[in-house]
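# Descriptive analysis of the structure
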Amino acid sequence: MKKVLMALDYNPTATRMAEIGFSFAKAMHAEVTLLHVVENEVYYTSFLTSPFTGIGDFDSATFYQYMNADGISDAANYYLEKIKKHLGDSKIKTLVENGEFAEVILKTAKHLKVDMIVMGSHSQKWLEQILIGSTTENVLNQTTIPLLIIPTKNKHN
């Protein structure tokens, strides 16, 4: 294993997932790329339901400064850089892409020629599952690349 792609969302458990995935990658002396996919900008526009609320130091003032097309990508880059800093490895690469989650993850993995994809799997509200589907399940069903799935469901759920 030489290259690992870690797909991160803004779930509050993403930092823990990144720590576990990074431990695996580090044990294999693999190059790590952190990926965030921006699929639907509308998802980011409500502070009450925004994925940005999973970022520890994102307050409402910080959130609103990112509410434009470029700002959403800037915020995602900021988030990935914070995760990179938290993991303590300056060699980690970060990447923000736009598109459908599973499709972009698979395309990026193929383009980067990664040896493993690391993703979290957390339960979503039933309505979101019906409308969006499970990104992790879609990637699992479409990839030939080994996939490390880290359960990220909160213990209180």
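Residues numbered from 1 in each chain as written. Predicted model: local features only at pLDDT ≥ 70, side-chain atom pairs only at ≥ 80, totals over all residues. Heavy atoms only, no water.

Attention shifts here to the environment of Glu 31. By secondary structure assignment, the location of Glu 31 is in strand 2 (residues 31–38). The exposure class of Glu 31 is partly exposed, given its relative accessible area of 32%. Contacts of Glu 31, omitting those with residues within four sequence positions, involve Lys 2, Lys 3, Val 4 and Lys 93. (Helix = DSSP H or I, 4+ residues; strand = E, 2+ residues; numbered from the N terminus. Buried < 20%, exposed > 50% of the residue type's maximum accessible area, 1.4 Å probe, protein only. Contact = heavy atoms within 4.5 Å.)

In terms of nonpolar packing, the biggest core is built from 25 residues, with Leu 8, Leu 34 and Val 118 touching the most fellow members. If you list the elements that add at least two residues to this core, you get strand 1 (3–7), helix 1 (14–27), strand 2, helix 3 (69–87), strand 4 (116–121) and strand 5 (147–151). When residues in this core are grouped by element, the largest group, 6 residues, is from helix 3. If we skip the residues at most four places from it in the chain, Val 118 touches Val 4, Leu 5, Met 6, Ala 7, Met 17, Gly 21, Leu 148 and Ile 150. Membership of the second largest hydrophobic core comes to 15 residues, among which are Leu 35, Phe 101, Val 104 and Ile 145. (Core = buried A, V, L, I, M, F, W, Y, C linked by side-chain atoms within 4.5 Å.)

Turning our attention to helix 1. Taking 1.5 Å as the rise per residue, helix 1 with 14 residues should run 20 Å; its terminal C-alpha atoms sit 20 Å apart, in good agreement. Those residues of helix 1 that sit buried are Ala 14, Met 17, Ala 18, Gly 21, Phe 22 and Ala 25. Seen along its axis, helix 1 keeps its buried residues to an arc of 130°; they face one direction. Away from its buried face by more than 90 degrees, helix 1 exposes Arg 16, Lys 26 and Ala 27. Backbone geometry just after helix 1 places His 29 at a positive phi near 55°. (Expected span 1.5 Å × (residues − 1). Arc of directions from axis to C-beta.)

Fair warning: the whole summary comes from geometry, so function is off the table for now.
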